[in-house]
Amino acid sequence: MRWIRAAGRGLLAVLVVLTGYAASGTAPAGGTPEGGRGPMTLATAGDLTGYLGRVLDGWNRAHPGERVTLVELPDSADETRSQMITDLRSGAGRFDVLNIDVAWTSEFAAAGWIAPLDRARFPLGSFLPPVVDTATYDGKLYAVPYVTNAGMLFYRKDVLEKAGERPPRTWAELERQARTVAPRYGLGGYAGQFLPYEGLTVNAAEAVYSAGGSILGDDGERVTVDSPAARAGIGFLTRGVRDGWIPREALAYTEEESRQAFQDGRLLFLRNWPYAYAGASGEDSKVAGRFGAVPLPGTDGPGTSVLGGSSLAVSSHARHPESARDLIAYLTSERVQRRVLTEGALPPVRAALYEDPALVRRFPYLPALRASLLTAAPRPKSPHYEQVSLAVQAVVHDAMAQGQTSAAAVRRLAGELAAIARRR
Ligand code: GLC
């Protein structure tokens, strides 16, 4: 899959140069840009399943005067964020529509980089309830949810069956199976995304939330992380590395490396987003048909996922905001949302699709994913989210890599978060 994407990306870069900026302000074939209507660019993080170009082709065929050019930024959330911000700050306005991570809504809205939207224009009532909240800031809608996401536990069904075990519902079960079953079958126990970047913030927050703890209060300011629950959550991660059931290689994993390790048949358990299901079922996977996905485990039953995903926002400098809003309506329509799942292997935001029997047959993890999404918790909603996330990543990575106690890690994190609050 990767080489196709890499080749596609080269081509995209050429297209952007040839059509994207050249089209700005000029009349494209088949239409004349007037006022808020005309060609535009859509900036997004790496399209890991390579489907979005096809979806946009559909729009382009029907709207020759309002063509959209896809600008694919890096896979990693952090790098995409910084490239978007560089553009937005410079006022260069290269990006008209932005596919922003749900974690950035507050920051982008507070900085004035994205424009508020009229709620009445979008069918928010047919979206899964928790996702709409991730696109609002200060009571206003600043983006329209496009893709949602919840972490799931992928497990090797064949191995657990041979060992006479069921997929774990609690950390204690996961830990026991990762310690005792995995080595018998030559496998690493458990991995997630543990490189210091946004993915580690997600994994750490899930561990804390799943133990009943929190990082910041609902106001996004008060530091609440120094608690027994947070110590238990972070302890799950640090103990895993210390005791060897989390392989040390996982300290350098983002989503893609961890997906590869699982589909190469190197892991018993993997925490990842549902997109990994498609790769692990693919022709080049060694585990196709031999794995399952269940909700993340927690202290005494299923845990809590972080709510992931992305929303579509209109840049405050958008050249053609009317066309940008229509494009967003198209991408969040039921028809395109179905393709988000069937071609993109990404969780759609439209609630009805999770109960469509034909889709459930084809994507057997949908009911478990829906349950995870409905109980998923957002990341702290802070306009200074980046600093908060950087502190979480750094502290948790150090604790995992250097075998620090979770008590020391949580104390250090509380101190760093308080310092961020004081600097405001
Ligand atoms: C996924 C999620 C996103 C999260 C990122 C972290 O892309 O959808 O919300 O921030 O992973 O790596």
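Since we're looking at a predicted model, the values are computed, not measured.

Asker: For this particular structure, what's the right way to read the overall build of the protein chain?
Answerer: Helix and strand counts for the protein chain stand at 17 helices and 11 strands. Here the C-alpha radius of gyration of the protein chain, 22 Å, is about what a compact globule of 424 residues would show, namely 22 Å. Expressed along its principal axes, the backbone C-alpha trace of the protein chain runs to roughly 65 × 50 × 35 Å. In the protein chain, which comprises 424 residues, the proportion classed as buried is 58%. Pairs at least 24 residues apart make up 73% of the contacts formed inside the protein chain by residues separated by at least 6 positions.

Asker: Looking at this structure, I do not really get the packing of aromatic side chains. What am I missing?
Answerer: In this description, a pair of aromatic rings is defined by centroid distance and the angle of the planes. With the rule as written, the count across this model stands at 14 aromatic pairs. An angle of 15° between the planes, with centres 5.7 Å apart, marks the rings of Trp-104 and Phe-108 as stacked. In this structure Trp-104 comes out as buried when scored by relative accessible area, which is 4%. Seen from their ring centres, Phe-236 and Trp-245 are 5.5 Å apart, and the 50° between their planes marks the pair as tilted. Judged by relative accessible area, which is 3%, Phe-236 ranks as buried. Here a set of aromatic residues connected by ring pairs shows up, and it is made of Phe-154, Phe-262, Tyr-277, Phe-291, Phe-363 and Tyr-365. One Lys or Arg, Arg-271, reaches over the ring of Trp-273 and ends 4.2 Å from the middle of that ring.

Asker: Can you walk me through the site of the ligand in this structure?
Answerer: Around the ligand sit Asp-101, Asn-149, Tyr-197, Glu-198, Gly-199, Glu-255, Trp-273, Gly-308, Gly-309 and Arg-379, and that is every residue in its neighbourhood. A distance of 2.9 Å separates an oxygen atom of the ligand from a polar atom in the side chain of Asn-149. A distance of 3.1 Å separates an oxygen atom of the ligand from a polar side-chain atom of Trp-273. Taking 310 Å² as the accessible area of the ligand by itself, protein coverage stands at 85%. Counting residues per element, the ones that place at least two in the shell around the ligand are helix H8 (198-210) and strand S11 (307-314). Looking at side-chain class alone, the shell around the ligand contains two nonpolar, four polar and four charged residues.

Asker: Hey, could you run me through the domain arrangement of the protein chain in this one?
Answerer: Often, the extent of an interface is quoted as the loss of accessible area upon association of its parts. Split by domain assignment, the protein chain resolves into domain 1 (2-149 + 308-373) and domain 2 (152-305 + 379-421). Averaged C-alpha coordinates put domain 1 and domain 2 at centres separated by 28 Å. The interface is formed by 27 residues belonging to domain 1 together with 18 residues belonging to domain 2. Counting each side, the surface lost to burial between domain 1 and domain 2 is near 2000 Å², with a carbon and sulfur contribution of 65%.

Asker: In this structure, what is going on with the environment of Val-340? I would like to understand it.
Answerer: Tracing the backbone through its elements, the reader meets Val-340 in helix H13 (residues 334-342). Val-340 sits in the buried class, given a relative accessible area of 0%.

Asker: Sorry if this is basic, but what is going on with the environment of Ala-182 here?
Answerer: With respect to the element layout, Ala-182 can be found in helix H7 (residues 171-184). Overall, Ala-182 belongs to the buried group, its relative accessible area being 0%. Residues in contact with Ala-182, not counting those within four places in the same chain, are Gln-177, Leu-187, Gly-188, Gly-189 and Leu-268.

Asker: Sorry if this is basic, but what is going on with the packing of H8 against helix H9 (residues 228-243) here?
Answerer: Any two packed helices are characterised by the angle at which their axes cross and by the distance between the axes. Across the interface, H8 lies against H9 with an axial gap of 7 Å and an inter-helix angle of 130°. Considering their axes alone, H8 and H9 lie oblique with respect to each other. Regarding H8 and H9, the two cross each other, and that crossing is right-handed. Counting all contacts with H8, which are made through Asn-203, Ala-204, Ala-207 and Val-208, the residues of H9 involved are Ala-230, Gly-233, Ile-234 and Leu-237.

Asker: Can you walk me through the sheet that holds strand S3 (residues 97-101) in this structure?
Answerer: The strands making up a sheet are joined through hydrogen bonds of the backbone, oriented either antiparallel or parallel. On the basis of which strands lie adjacent, the open sheet formed by five strands has the order S2-S1-S3-S11-S6 and mixed pairing. Strands with a single pairing partner mark the edges of an open sheet, and in this sheet they are strand S2 (68-72) and strand S6 (144-150). Across the sheet, the mean angle separating the axes of adjacent strands is 20° when strand polarity is ignored. Bridge analysis of S3 against S11 gives five bridges, and the strand direction is antiparallel. From the neighbouring strand, Asp-101 faces S11, where its bridge partner is Ser-310. Helix-sheet contacts for helix H15 (residues 366-375) involve S6 and S11, and the interaxial angle to S6 is about 110°.

Asker: Sorry if this is basic, but what is going on with unusual backbone geometry here?
Answerer: Generally, phi is negative for residues other than glycine and the peptide bonds are trans, each holding for most cases. The backbone of Asp-138 shows a phi angle near 55°, a positive value even though the residue is not glycine. By relative accessible area, Asp-138 is classed as exposed at 65%.

Asker: Looking at this structure, how should I read the sheet that holds strand S8 (residues 188-191)?
Answerer: Spatial ordering of the open sheet is given by S8-S9-S7-S10, a layout of four strands whose pairing is mixed. Two strands close off the open sheet at either side, each with one partner strand: S8 and strand S10 (291-295). Taken pair by pair, the neighbouring strands of this sheet meet at an average axis angle of 15°, ignoring direction. Sheet topology note: the S8/strand S9 (residues 267-272) ladder contains three bridges and is parallel. Within the sheet, the bridge partner assigned to Tyr-190 lies in S9 and is Phe-269. Running over the sheet, helix H10 (residues 255-263) touches strand S7 (152-156), S9 and S10 and is turned about 150° from S9.

What counts and how
- Residues numbered from 1 in each chain as written.
- Predicted model: local features only at pLDDT ≥ 70, side-chain atom pairs only at ≥ 80, totals over all residues.
- Heavy atoms only, no water.
- Helix = DSSP H or I, 4+ residues; strand = E, 2+ residues; numbered from the N terminus.
- Rg over C-alpha atoms; globule rule 2.2 N^0.38 Å.
- Buried < 20%, exposed > 50% of the residue type's maximum accessible area, 1.4 Å probe, protein only.
- Contact = heavy atoms within 4.5 Å.
- Phe/Tyr/Trp six-rings, centres within 6.5 Å; stacked < 30°, edge-to-face > 60°.
- Lys NZ or Arg CZ within 6 Å of the ring centre and 35° of its normal.
- Near = heavy atom within 4 Å.
- Polar contact = N/O pair within 3.5 Å; in protein donor to acceptor, adjacent residues only side chain to side chain.
- Areas by Shrake-Rupley, 256 points an atom, 1.4 Å probe, with all protein chains shown as cover.
- Nonpolar A, V, L, I, M, F, W, Y, C, P; charged D, E, K, R; others polar.
- Domains from an automatic or database assignment.
- Buried area = accessible area lost by both parts, 1.4 Å probe.
- Axes fitted to C-alpha atoms, helices over the stretch in contact; angles between N-to-C directions.
- Parallel < 35°, antiparallel > 145°, perpendicular 65-115°, else oblique.
- Left-handed = near helix turned anticlockwise from the far one by under 90°.
- Pairing = 2+ DSSP bridges.

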